[in-house]
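A structural walkthrough
Residues per chain are reported as follows:
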Amino acid sequence: NAGVMQNPRHLVRRRGQEARLRCSPMKGHSHVYWYRQLPEEGLKFMVYLQKENIIDESGMPKERFSAEFPKEGPSILRIQQVVRGDSAAYFCASSPSQQGLGQYFGPGTRLTVT
Amino acid sequence: AQKVTQAQTEISVVEKEDVTLDCVYETRDTTYYLFWYKQPPSGELVFLIRRNSFDEQNEISGRYSWNFQKSTSSFNFTITASQVVDSAVYFCAPAGPISNFGNEKLTFGTGTRLTIIP
């Protein structure tokens, strides 16, 4: 029973390039959350998605960031024209549709912008 | 919206000692969940415990125990007989409100870095 999978685990991008982070939720989970962890800080919520729907994007920066969770395939967090301040660990979590069972996190993608 | 205060930034204890990690939260939601997560040096996040705001019964699970006091908005976490493998950053995180819409976005505190000295 595979857990939440994220790839790549490490991603290096130059300023101005695009970063695509992928998340495959646990089997049977239909809810996906993305969080960002800046160095030496706690995690901050970015976006909550269900299949083909963005439910809550209140934590997403207004520009350059987008997320999707298509009917088939992984959830994607996309960052366009990356800047040094985007360097962080990006975690994906999934949960089943029933509330209160907790979120299970992937190993994270460490993005470094040079 | 929620807010979490983990006043202890870093704690060091000698192996086998007991240690309690404090968490105070603020929320306007009348119903909510509370979670503890652990982040070891390898970086992944490990789910430890959840509680809902209806249930103030405290629990012991092996070496871990939790003390939820709704009246003081505290949700403290205790490790007894600590081990070196317990060294990690521990995060307290509320989520709410409890509803049919399923949004359980977590609000993380800044974490407490726990070091167990062998």
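Quick note: structure is the one above.
The structure reproduced in this document is the subject of the present report.

**What about the interface of chain B and chain A?**
With 23 residues of chain B at the contact, the number on the chain A side is 22 residues. Around 1800 Å² of area is buried between chain B and chain A when both sides are counted, 48% of it from carbon and sulfur atoms. Summed over the three residues of chain B that lose the most area to chain A, namely L45(B), E104(B) and K105(B), the buried surface amounts to 28% of that side. A salt bridge links K105(B) to D56(A); the shortest N-O distance between them is 2.8 Å. For the side of chain B that touches chain A, the secondary structure elements donating two or more residues are β5 (33–39) and β6 (46–52) of chain B. Here the element with the most residues in the side of chain B that touches chain A is β5(B); it accounts for four residues. Of the residues that constitute the side of chain B that touches chain A, the class distribution is eleven nonpolar, seven polar and five charged.

**A look at the sheet that holds strand β11 (residues 112–117) of chain B**
All names here are of chain B. Ordered by their spatial adjacency, five strands build an open sheet running β2-β11-β10-β5-β6, and the pairing between neighbours is mixed. Each edge of the open sheet carries a strand with a single partner, namely β2 (10–14) and β6. Each strand of the sheet is rotated relative to its neighbour by a mean of 20 degrees, with strand direction disregarded. Across three bridges, strand β10 (residues 88–95) lies against β11 in antiparallel orientation. Looking at β11, one finds that Y90 is bridged to T112.

**Comments concerning the pattern of salt bridges**
Pairs may arise between side chains of opposite charge once their charged atoms sit close together. Residue and element names in this part refer to chain A. Counted by the stated rule, this structure contains five salt bridges over all chains. In this structure, R20 engages E18 in a salt bridge whose closest nitrogen and oxygen atoms are separated by 2.9 Å. Classification of E18 as partly exposed rests on a relative accessible area of 30%. Among the charged side chains, a network of salt bridges with common partners joins E18, R20 and R78.

**Focus: the pairing of strand β3 (residues 19–24) of chain A**
Within a regular beta strand, the side chains point alternately toward one face of the sheet and then the other, so they alternate between its two faces. All names here are of chain A. Taking every second residue as pointing to the same face, the buried face of β3 carries A19, L21 and C23, while none of R20, R22 and S24 on the other face is buried. For strand β1 (residues 5–7) and β3, the ladder comprises three bridges, and the chain directions are antiparallel. Of the residues in β3, the one forming a bridge with Q6 is C23. Alignment of β3 against strand β8 (residues 75–79), held across five bridges, turns out to be antiparallel. Bridge pairing in β8 links A19 to I79.

**Looking at the state of the cysteines**
All names here are of chain B. Tallying each qualifying case throughout the model produces two disulfides over all chains. One disulfide in the model links C23 with C92; its S-S distance is 2.0 Å. Looking along the S-S bond of the C23-C92 disulfide, the torsion reads about -60 degrees, which is the left-handed sense. Of this pair, C23 sits in the loop between β3 (19–21) and β4 (24–27) while C92 sits in strand β10, and the two are 69 residues apart along the sequence. Per residue, the accessibility class of C23 equals that of C92, and both read buried.

**Observations concerning the side chain of S75(A)**
All names here are of chain A. For S75, the location among the structural elements is in strand β8. Judged by its relative accessible area of 0%, S75 is buried. Engagement of the side chain of S75 in a polar contact is seen with the side chain of W34, the distance being 3.0 Å. Leave out the neighbours within four places in its chain, and S75 touches L21, R22, C23, V32, W34, L49, E68 and F69.

**What about the sheet that holds β1(A)?**
Residues and elements named next belong to chain A. Spatially, β1-β3-β8-β7 is the arrangement adopted by the four strands of the open sheet, whose pairing is antiparallel. Each edge of the open sheet carries a strand with a single partner, namely β1 and β7 (65–68). Within this sheet the neighbouring strands show an average axis-to-axis angle of 15 degrees, counted without direction.

Basis of the calculations
- Residues numbered from 1 in each chain as written.
- Chains lettered and ligands numbered in written order.
- Predicted model: local features only at pLDDT ≥ 70, side-chain atom pairs only at ≥ 80, totals over all residues.
- Heavy atoms only, no water.
- Contact = heavy atoms within 4.5 Å.
- Buried area = accessible area lost by both parts, 1.4 Å probe.
- Salt bridge = Lys/Arg side-chain N within 4 Å of Asp/Glu carboxyl O.
- Helix = DSSP H or I, 4+ residues; strand = E, 2+ residues; numbered from the N terminus.
- Nonpolar A, V, L, I, M, F, W, Y, C, P; charged D, E, K, R; others polar.
- Pairing = 2+ DSSP bridges.
- Axes fitted to C-alpha atoms, helices over the stretch in contact; angles between N-to-C directions.
- Buried < 20%, exposed > 50% of the residue type's maximum accessible area, 1.4 Å probe, protein only.
- Disulfide = S-S within 2.5 Å.
- Polar contact = N/O pair within 3.5 Å; in protein donor to acceptor, adjacent residues only side chain to side chain.

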